[in-house]
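# Structure assessment
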Amino acid sequence: MTAYTPIGRYFAVKDGRLYGHVREGDGPALVFLHYWGGSHRTWRPVIERLSPAQAFVSYDSRGWGESTEVPGPYGIEQLADDAQRVIEELGYGEYVVVGHSMGGKVTQVLASRRPAGLKGAVLVAPAPPAPVRVTPEFQEALSHAYDSAETIDQSIDRVLTNGGLSAEARQQVHEDSSRAGEAARMAWPRQALVEDFAHRVGAIDVPVLVLAGSDDKVDSPTVLREHLLPLVPTATLTEVDGTGHLSPLEAPDQIAFHIGAFIARL
């Protein structure tokens, strides 16, 4: 593993500041967007396995991590606006957005806007652009996933992983998922999850790599092949063996390998 030597800093966005880690280096820069329940720390095991010269930013979405004080709205459009602000503040001429789960849905909306400098996107266990078989009962159950240490453990073991989390990663998931502001915690299951962008993502015109965990119980490779790939003409899908939904923490070697290979092909 390589040295992880980023600089912590804040980024001005609408109504507040987001905290993130930045490293200057070789481009295209990578812009990391985390899942519902995560923080910039979710990406650390992946970043440690990339080239130490790779430029990147990984930040806490509004309402999460060190950005819990930033008020809503916490919908997908606002999160995409935030990503654009961070990118603009860093002055990136060329960049690739890497989004996990909720961050993957944000990445799709951002890429559909065709922002200047975007060279590609990597969607890691992404939420599809439109909800797939989401019932009100499911939304209600999901909204309680991070209520307590017990429900977080159940979420990790029954839903989020294929059993491959280290004790350190499990502790981090507990910390990150229990730390969010209440409004941010409820925004995904009750609102952002069911926002429908199926009509928008066909506008994406850069290469898109979808990394789907072979044992993902949240958004399986089958779901992504049926409900994402047909809508994004530039997308290809690669299965990541033996991992569940939290692949950046469960299989960082594989995720870093595929991201590195994708950048090299651009």
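Placed above this text is the structure.
Nothing here was measured: the structure is a model prediction, and the numbers come from that model. (Residues numbered from 1 in each chain as written. Predicted model: local features only at pLDDT ≥ 70, side-chain atom pairs only at ≥ 80, totals over all residues. Heavy atoms only, no water.)

## Side note on the overall build of the protein chain
Definition in use: Strands are runs of DSSP state E lasting at least 2 residues, helices are runs of H or I lasting at least 4, and numbering of each runs from the N terminus. This radius of gyration counts C-alpha atoms alone. The globule rule is 2.2 Å times how many residues there are, raised to the power 0.38. Using a 1.4 Å probe on the protein chains alone, a residue whose accessible area is under 20% of its type maximum counts as buried, one over 50% counts as exposed, and one in between counts as partly exposed.
Of the regular secondary structure elements, the protein chain holds 10 helices and eight strands. Computed over the C-alpha atoms, the radius of gyration of the protein chain is 17 Å, within 12% of the 18 Å expected from 2.2 N^0.38 for a compact globule of 266 residues. Oriented by its inertia axes, the alpha-carbon framework of the protein chain measures out at about 45 × 40 × 35 Å. In the protein chain, which comprises 266 residues, the proportion classed as buried is 57%.

## Observations regarding the nonpolar core
Formally: To form a nonpolar core, buried Ala, Val, Leu, Ile, Met, Phe, Trp, Tyr and Cys residues must be joined to one another through side-chain atoms within 4.5 Å.
If you look at the biggest cluster of nonpolar residues, it comprises 63 residues, and the most contacted ones within it are V31, V57, Y92 and W188. At seven residues, the largest contribution of residues to this core is made by helix α2 (residues 76–90). By size, the runner-up hydrophobic cluster in this structure holds 21 residues, among which are F32, L209, A256 and I263.

## Concerning the packing of aromatic side chains
Note the following rule: When two rings of Phe, Tyr or Trp (its six-membered ring) have centres within 6.5 Å they constitute a pair, described as stacked for plane angles under 30 degrees, edge-to-face for angles over 60, and tilted for the intermediate range. Working rule: Lys NZ or Arg CZ, within 6 Å of ring centre, within 35 degrees of ring normal, means a charge sits over the ring.
Scanning all chains against the criterion turns up four aromatic pairs. Ring geometry for Y10 versus Y19: centroids 5.2 Å apart, planes at 65°, classification edge-to-face. Among the residues examined, Y10 registers a relative accessible area of 34% and is labelled partly exposed. Aromatic rings pair up to connect F32, W43 and F56 into one cluster. One cation-aromatic arrangement involves R17 over Y10; the distance from NZ or CZ to the ring centre is 4.0 Å.

## Things to note about the environment of T234
Under the convention used in this document: Every residue pair with non-hydrogen atoms within 4.5 Å of one another is taken to be in contact. Between N or O atoms, a polar contact is any pair within 3.5 Å; within protein, one atom must be a potential hydrogen donor and the other a potential acceptor, and residues adjacent in sequence are included only when both atoms are from side chains.
With respect to the helices and strands, T234 occurs in the loop between α8 (221–227) and β8 (235–240). Along the backbone, T234 and V206 are 28 residues apart, and their C-alpha atoms lie at a distance of 6.5 Å. Apart from residues no more than four positions distant in its own chain, T234 is found in contact with I204, D205, V206, P207 and V208. A distance of 2.7 Å separates a polar side-chain atom of T234 from the backbone oxygen of V206.

## Considering the packing of helix α5 (residues 149–160) against helix α6 (residues 167–179)
Under the convention used in this document: In this analysis, axes come from line fits to C-alpha atoms, helices being fitted only over the stretch in contact, and the angle between any two N-to-C directions falls in the range 0 to 180 degrees. The scheme is simple: roughly parallel for angles under 35 degrees, roughly antiparallel for over 145, roughly perpendicular for 65 to 115, oblique for anything else. Left-handed describes a crossing whose near helix is turned anticlockwise from the far helix by less than a right angle; the clockwise case is right-handed. Under the grouping applied here, Gly and all other residues not named as nonpolar or charged are polar, the nonpolar ones being Ala, Val, Leu, Ile, Met, Phe, Trp, Tyr, Cys and Pro and the charged ones Asp, Glu, Lys and Arg.
Taken N-terminus to C-terminus, the directions of α5 and α6 make an angle of 125°; their axes are 10 Å apart at the nearest point. By the angle between their directions, the pair α5 and α6 is classed as oblique. In terms of crossing hand, the pair formed by α5 and α6 is right-handed. For the pair formed by α5 and α6, the contact residues are A149, I152, D153, I156 and D157 on the first element and R170, V173, H174, S177 and S178 on the second. Grouping the constituent residues of the contact of α5 with α6 by class yields four nonpolar, three polar and three charged.

## Thoughts on the packing of α2 against helix α3 (residues 102–112)
Interhelical geometry of α2 versus α3 gives an angle of 75° and a closest axis separation of 9 Å. Here α2 is positioned roughly perpendicular relative to α3, judged by the angle of their axes. Residues I76, E77, L79, A80, A83, Q84 and I87 of α2 pack against M102, K105, V106, V109 and L110 of α3. Taken together, the residues of the contact of α2 with α3 break down into nine nonpolar, one polar and two charged.

## Details of unusual backbone geometry
In this model, G27 is joined to P28 through a cis peptide bond whose omega is -5°. Look at the link from G72 to P73: it is a cis peptide, with omega at 10°. By secondary structure assignment, the location of P73 is in the loop between β4 (54–59) and α2. For S101, which is not glycine, the phi dihedral falls at a positive 60°. Secondary-structure assignment places S101 in the loop between β5 (95–100) and α3. At R133, a position not held by glycine, the phi torsion is positive, near 50°.

## Section: the pattern of salt bridges
Stated formally: Salt bridge, as applied in this entry: a Lys or Arg side-chain nitrogen positioned within 4 Å of an Asp or Glu carboxyl oxygen.
Inspection of the entire model under this criterion finds 21 salt bridges. The salt bridge partner of R170 is D157, with a shortest N-O separation of 2.5 Å. Placement of the pair is R170 in helix α6 and D157 in helix α5, with a sequence separation of 13 residues. The class for R170 is partly exposed, based on a relative accessible area of 24%.

## A look at the pairing of strand β7 (residues 208–213)
Keep this limit in mind: DSSP calls a pair of strands paired once it identifies at least 2 bridges connecting them.
Of all six residues in β7, six are buried; the element is thus mostly enclosed. Side chains V208, V210 and A212 project from β7 onto one buried face, and the interleaved L209, L211 and G213 project onto a second face that is buried too. Of the strand pairs in this sheet, strand β6 (residues 118–124) and β7 are connected by four bridges, and their pairing is parallel. Note on β7: the bridge partner recorded for V124 is L211. The sheet contact formed by β7 and β8 spans six bridges and is parallel. Among the inter-strand pairings, L211 is bridged to a residue of β8, identified as T238.

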